[in-house]
Amino acid sequence: MKELICITCPKGCHLKVDEANDYAVSGNACPRGAVYGRNELLHPVRVVTSTVRLEGGPTPRLNVKTDKPLPKDKMFECMALLDDVTATVPVHVGDVLLANICGTDVNIVAAKSVL
Amino acid sequence: MSYDVIVIGGGPAGLAAAVAAWDDGCRSICIVERDRELGGILNQCIHNGFGLHHFKEELTGPEYAERFVDLLKQTGVDVKIDAMVLTITPEKEVHIVSKAGGYEILQAKSVVLAMGCRERTRGAIAIPGARCAGIYTAGAAQRYLNIEGYMVGKRVVILGSGDIGLIMARRMTLEGAKVLACVEVLPYSGGLTRNIVQCLNDFDIPLYLSHTITDIQGKGRVERVVVSAVDEKRNPIPGTEMEFDCDTVLLSVGLIPENELSRSAGIEIDPRTQGPVVDEDFMTSIPGVFACGNVVHVHDLVDFVTAESQRAGKAAAAYCRSGSPTSETVLSMKNGDGVGYTVPQHIRLDDVEGSVPVFFRVRAISHDKKIVVRDDEGQIIASFPREHLAPGEMENIKLPRVLLERAHGGLTVSVE
């Protein structure tokens, strides 16, 4: 039995995950907690948010995010990729700036519109 | 120039209040924002986790702001950006200075205060040591990094475990800095538990509870900090000193509602929240002046700011139509054992439709307790079981009108 704190939402449920019983989760207040608890032990993932260079905008940086959670051990690899990305105005929220990063189906997308 | 509703501040509170006032039928609204764009602090909060309550999905701060800016664009609300409000008079004259408009005086029928809050600084908590460069509030460092594109340091110690400090611990680490420690004077963190997990534990950043910075050393730039354990009275314990070689100290030691304008207008301020005293519709002590969001009390979640501000915006529109509410019964709200404050501070019973949400923070961490609301005769009006209570997490309860009608005198909220 492994004890975790769910990070899916700010409530922070105290989860118990039973490795011996097909990673059954208890202590979760919603279904997202059951998914998180199982994933966290089998293959933990995180959404990465950061910024990239922006040309033609009012500020020098554009904030971006992964459009899906990325395997946790690939976070720094993802950060290194962002060093070479430059976005140019106009940018719309959700625009894909870098596709299928780190050998996954995760994309880096703009998280703000700058028109 | 005059407007029905003038909203001071274009962050999440101001945006939600303006849109709600428009949706309620008000057609003469202006938002005054001092930054170069709308969105307020959300623009620099590039991490995700916003909007789970309101939008039922997980957004970054700028995405959350953009949703509301898009809604605002579909209205006829006027927006003044790069415009600073200098003062608000009790007669609801709003004095503004800006490059575009010079000095302007706008007359409002109703004002919504949505100025947000400000970080506590080194001066506010009197940390001893050298007055060298490299000491930032966490929010200032966040703006430098996320908006202006500057790293503020390479080896970082964070004082305080508020959410912004925790978020910055992760952010600085991802950008290549070494965060040596997060130091919290209290025996528990002031931040959300999820942020301890995903910002500190994910990156093996140690959290020293019941510790504080007792010296900052450095010529020109920070070179070293000394961290000591503290006793129950928060006094440093000699002999427990640890030294950290670092070039940067980030402070995440609390937020204070920004109420200079409220004070200048003569609005009554609650010393517990350091925000205006408000009723269930967030009207302040001056009829027609409303307040919402972090200017009233500091929130953990923007979703709750939005909900509160929608209520305030709607009430401001109603005030323009029909003037002051005229409730004969006013229930005062008091904080009892284990509760630090309540918002609202009083309820005008006759104006309540449905139920009144009441927000507060508890004073200590506890488990398996009840939040109990009693009237002045000690009669229990309502009771809410809670498995887990913590000062870092704002609590809220809903009091239905039918229960409020049974109360004799005021109401006291306590943890039992």
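Residues numbered from 1 in each chain as written. Chains lettered and ligands numbered in written order. Predicted model: local features only at pLDDT ≥ 70, side-chain atom pairs only at ≥ 80, totals over all residues. Heavy atoms only, no water.

1. What about the domain arrangement of chain A?
The domains assigned to chain A are domain 1 (2-43) and domain 2 (49-110). Between the C-alpha centres of domain 1 of chain A and domain 2 of chain A there is a distance of 28 Å. (Domains from an automatic or database assignment.)

2. Re the pattern of salt bridges
For side chains of opposite charge, pairing can occur when their charged atoms come near one another. One pass over the structure, following the stated rule, counts 29 salt bridges over all chains. Here Arg 46 of chain A makes a salt bridge to Glu 40 of chain A, at a shortest N to O gap of 3.0 Å. Using a relative accessible area of 5% as the deciding quantity, one classes Arg 46 of chain A as buried. In this structure, Arg 224 of chain B and Glu 243 of chain B form a salt bridge, with 3.9 Å as the shortest nitrogen-oxygen distance. (Salt bridge = Lys/Arg side-chain N within 4 Å of Asp/Glu carboxyl O. Buried < 20%, exposed > 50% of the residue type's maximum accessible area, 1.4 Å probe, protein only.)

3. Things to note about helix H6 (residues 193-200) of chain B
Counting buried residues along H6 of chain B, eight of its eight residues qualify, which places the element largely inside the surrounding structure. Buried within H6 of chain B are the following residues: Thr 193, Arg 194, Asn 195, Ile 196, Val 197, Gln 198, Cys 199 and Leu 200 of chain B. (Helix = DSSP H or I, 4+ residues; strand = E, 2+ residues; numbered from the N terminus.)

4. Brief notes about the interface of chain B and chain A
Contact with chain B, which involves 29 residues of that partner, is made by 26 residues of chain A. For the chain B and chain A pair, buried surface summed over both sides reaches about 2,600 Å², with 57% attributable to carbon and sulfur atoms. On the chain B side of the contact with chain A, Glu 66, Leu 174 and Arg 194 of chain B bury the most area, a combined 21% of that side's loss. Our enumeration of links across chain B and chain A arrives at four salt bridges. Counting across the chain B and chain A interface gives 11 residue pairs in polar contact (both at pLDDT 80 or more). Residues of the side of chain B that touches chain A, tallied by class, amount to 10 nonpolar, nine polar and 10 charged. (Contact = heavy atoms within 4.5 Å. Buried area = accessible area lost by both parts, 1.4 Å probe. Polar contact = N/O pair within 3.5 Å; in protein donor to acceptor, adjacent residues only side chain to side chain. Nonpolar A, V, L, I, M, F, W, Y, C, P; charged D, E, K, R; others polar.)

5. Some details on the sheet that holds strand E16 (residues 242-245) of chain B
Residues and elements named next belong to chain B. Across the sheet, three strands lie side by side as E14-E15-E16; this open sheet has antiparallel pairing. Each end of this open sheet is capped by a strand with a single partner; those strands are strand E14 (211-217) and E16. Within the sheet, the average angular offset between the axes of one strand and its neighbour, ignoring direction, is 30°. Looking at chain direction, E14 and strand E15 (residues 224-229) are connected through six bridges and run antiparallel. Bridge assignment links Asp 215 to a residue of E15, and that residue is Val 226. (Pairing = 2+ DSSP bridges. Axes fitted to C-alpha atoms, helices over the stretch in contact; angles between N-to-C directions.)

6. Observations regarding helix H4 (residues 138-148) of chain B
Note on helix geometry: an α-helix contains 3.6 residues per turn, so any two residues three or four positions apart are oriented the same way. Taken residue by residue, H4 of chain B has Ala 138, Gly 139, Ala 141, Gln 142, Leu 145, Asn 146 and Ile 147 of chain B as its buried positions. Contacts from the buried residues of H4 of chain B go to strand E5 (49-55) and strand E6 (61-66) of chain A together with strand E9 (117-119), strand E10 (135-137), helix H5 (163-174) and strand E17 (248-251) of chain B. Once H4 of chain B finishes, Gly 149 of chain B follows within two positions and takes phi at roughly 85°, a positive value.

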